[in-house]
Amino acid sequence: MVEIELDGKKVDIQEGSMIMHAAEKAGTYIPHFCYHKKLSIAANCRMCLVDVEKAPKPMPACATPVTQGMIVRTKSDKAIKAQQSVMEFLLINHPLDCPICDQGGECQLQDLAVGYGGSSSRYEEEKRVVFHKDVGPLVSMEEMSRCIHCTRCVRFGQEVAGVMELGMIHRGEHSEITTVLGETIDSELSGNMIDICPVGALTSKPFRYSARTWELSRRKSVSPHDSTGANLVVQVKNNKVMRVVPLENEAVNECWIADRDRFSYEALNSEERLTSPMIKQGGEWKTVDWQSALEYVANGLKQIKTQHGAASIGALVSPHSTLEELTLAAALVRGLGSENIDYRLRNAEFVPAEGIRYLGTSIASLSQLQRVLVVGSNLRKDHPLFAQRIRQAVRKGCAVSAINSVVELAKPDAWALGVVHSVQVPATQWLQALADVAAAVAEDKAVTAPVAGEATAAAKAIAKSLLGGERKAILLGNAAAHHAEASSLLAVANWIAAQTGATVGYLTEAANTVGAQLAGAQPGAGGLDAAQMLSGALKAVMLLNNEPVFDSAAGVQAAQALGKAEMVVTLSPFKANMAFSDVLLPIAPFSETSGTFVNAEARVQGFHAVVRPLGDARPAWKVLRVLANLLDLPGFEFESSQDVLNSLRSGFSEDATHVAADKLNNLTQTSIKLSHTEKAAPVVASLYQLDGIVRRATSLQLTADARNAVAAQEVAA
């Protein structure tokens, strides 16, 4: 630690830190544009010039290391005059279009120009003009004349997104930020460039010209998509979601969110929203009131239970539903006397688990890993923010290994830096590849491997990597969780981890995959699993927040199987499953209901509704409660979603921030079997097909990732 004097105050700061870091610690604001706490230091805007005693000229606070006894003045005449001079230069070419700029009201340049800019400009020559660029459906570069060349967006691409999509060309006044090859910005984290741009050069294309920032009210929420549980600020105008930006939470998403978290709000206001209950009569859909719809469902369930027994009734629920919704759905099905409930729609294996499967470590610890083996995951597309964390670790020297079936998925060096060992084999050979790694570990440690394997060169490289370092993890991706040999993959991974000192965990697919396990949304003794229910084994089916054709391993065959049922009830925010449903009940999406999600690390995160439900839509927990009341089921006297959550308190830690540790367990008693059969490849949703909300977000469906996924499906078909 060194001690410096900053504006007359003594500040202790770690050696090697910059003056800017000392100012942040002391609570002193130094104006800046190019500096960002999550990015490398560029020192090219010069706005942070400060007066350092004995220095011949003002020094940039972001790039000047502290030294013992240094005396710094940020408010002296010398510092203020330097900052004012820099501001004058920055405004020379800046267009005077604040009244129509989307950044107006939350613009750093606008704010600092008030404090450091002149009342009029001395510049009389022509201003430079930079022509607009079309870089895709999400980020707008229509007014690049506003750019002040801070290069935050360039550094974000290189260091955080892992893809250098933007760069600076030319020199001096002719410099401009562009996609060098004239391509589009396709990173799954691209929207963060909008947030970190300090001016209105990069703006949100879907939000463009739709509202002024001071008209928006801001409300906290949690992402309903992948298992990160990213914290959001949802911005609302006239009871309509207009924009979504990140809420900073270092333990979860830092200050970033994925594009599907940011832009999926378009679906919340789409024409596909279901706004009234509907019943199919004579092959035609009729709009009815809630009382009629719920009585129709209750009477139908009672009749089917009487005729065919409770075992003919089941529910397929989405892991994107809230903890409260899943809890009541499970309670309703069991109240009817059935154990047929499942959230594992895309799974191919349904071995009962010894406990709740989860990440096995904290999300924040991913940034500190020294060794990691990823099995069956395209990290960048499945979990963009987890990939970003591991990318941070790689920048510090972490070695990443991968077992996957596609070249670009198996080689994380395409998006990270560092030593990478990969095994690229079809999904049917992943278990053998992992067994080979176990054999290599066993050979090195002179122990017996749990299963026959061959210590190949690639396996030895992965084993050597895992045997080194201190902080290490084996992460099983969505494809590994959905695999036909999922339990055997977990068993081998656990053995390798025990020998190497690594943690084992599932990246987990959805916002509430962990919560669904806690809520008991899995079949009990004698109950049917998702695959059995989707094969036509039921007479009455409830579909909570999912579309089996898109969300299950059965795919189009699910529609044929469900079409044979006597009654199919769909609870969805959208007009979904209309081909085979008999009743559609409009439920509120995450933005219109209160609830709880449990993310991959088992962190419990609650949220409230940010807008009123659209039309006659109602929160799903209320719909399920009233339906249970109509069925005369006991134990459904809940007045609020909080009451439902309180019924699960025994499963939480003392402070109720996480699932209780004794509930979590990634171990398995499954005996490992190398079947060597050609089983079907695991079903994994592509980046913008994960759930119903993302699928209906227009701008996301125009991205390269969405187009490529559609093309891949057509090729497969």
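Residues numbered from 1 in each chain as written. Predicted model: local features only at pLDDT ≥ 70, side-chain atom pairs only at ≥ 80, totals over all residues. Heavy atoms only, no water.

1. Quick notes on the sheet that holds strand S5 (residues 71-73)
Across a sheet, strands are paired by hydrogen bonds formed along the backbone, either parallel or antiparallel in direction.
Alright, step 1. Read across the sheet, five strands follow the order S2-S1-S5-S3-S4 without closing on themselves; strand pairing throughout is mixed. Where the open sheet ends on each side, the last strands, each with one partner, are strand S2 (9-13) and strand S4 (59-60).
Alright, step 2. Where strand S1 (residues 2-6) meets S5, two bridges bridge the pair, whose relative direction is parallel. Counted as the bridge partner of Leu6 is Val72 from S5.
Alright, step 3. Along the sheet, helix H1 (residues 19-26) makes contact with S1, S2, strand S3 (49-52) and S5, crossing S2 at roughly 115 degrees.
Alright, step 4. Along the sheet, helix H2 (residues 77-92) contacts S3 and S5; its crossing angle with S3, the most-contacted strand, is approximately 160 degrees. (Pairing = 2+ DSSP bridges. Helix = DSSP H or I, 4+ residues; strand = E, 2+ residues; numbered from the N terminus. Contact = heavy atoms within 4.5 Å. Axes fitted to C-alpha atoms, helices over the stretch in contact; angles between N-to-C directions.)

2. Here's the deal with the sheet that holds strand S13 (residues 240-246)
Alright, step 1. Pairing in this open sheet of three strands is antiparallel, and the strands run S11-S12-S13 from one edge to the other. A single partner strand is all that each edge strand has here, and the edge strands are strand S11 (217-222) and S13. Neighbour to neighbour, the strand axes of the sheet diverge by 35 degrees on average, direction disregarded.
Alright, step 2. Relative to strand S12 (residues 231-237), S11 is paired through six bridges, and the arrangement is antiparallel. Across the sheet, residue Ser221 finds its bridge partner in S12, namely Leu232.

3. Examining the side chain of Arg262
Alright, step 1. In this structure, Arg262 sits in helix H6 (residues 259-263).
Alright, step 2. Owing to a relative accessible area of 4%, Arg262 belongs among the buried residues under this scheme.
Alright, step 3. Of the polar contacts made by the side chain of Arg262, one reaches the side chain of Asp195; its length is 2.6 Å.
Alright, step 4. Those residues in contact with Arg262 that sit more than four places away from it in its chain are Gly191, Asn192, Asp195, Val244, Val245, Pro246 and Ile257. (Buried < 20%, exposed > 50% of the residue type's maximum accessible area, 1.4 Å probe, protein only. Polar contact = N/O pair within 3.5 Å; in protein donor to acceptor, adjacent residues only side chain to side chain.)

4. Details of the UniProt feature "domain: 4Fe-4S His(Cys)3-ligated-type" (unreviewed entry) in the protein chain
Alright, step 1. In the UniProt entry, the feature "domain: 4Fe-4S His(Cys)3-ligated-type" (unreviewed entry) is given for residues 78-117.
Alright, step 2. Along residues 78-117 one finds 60% helix and 0% strand; the C-alpha atoms at either end are 16 Å apart. (UniProt positions renumbered as here; feature names shortened; annotations may be inferred.)

5. Examining unusual backbone geometry
It is generally the case that most residues other than glycine have a negative phi and that most peptide bonds are trans.
Alright, step 1. In this structure, Asp7 takes a positive phi of about 50 degrees despite not being glycine.
Alright, step 2. Considering the arrangement of structural elements, one finds Asp7 in the loop between S1 and S2.

6. Things to note about helix H7 (residues 290-308)
Alright, step 1. The end-to-end C-alpha distance of H7 is 27 Å, a good match for the 27 Å that 19 residues give at a rise of 1.5 Å each.
Alright, step 2. The set of residues buried in H7 consists of Trp290, Ala293, Leu294, Val297, Ala298, Gly300, Leu301 and Ile304. Down the axis of H7, the buried side of the element spans an arc of 160 degrees, and every buried residue falls inside it. Across H7 from its buried face, at more than 90 degrees, point the exposed residues Thr306 and Gln307.
Alright, step 3. Residues of H7 that are buried make contact with strand S14 (278-281), strand S16 (313-317), strand S23 (540-544), strand S24 (567-572), strand S25 (583-586) and helix H20 (620-630).
Alright, step 4. Among the residues of H7, the N-terminal cap falls to Asp289, whose side-chain oxygen and the backbone nitrogen of Gln291 are separated by 3.1 Å. (Expected span 1.5 Å × (residues − 1). Arc of directions from axis to C-beta.)

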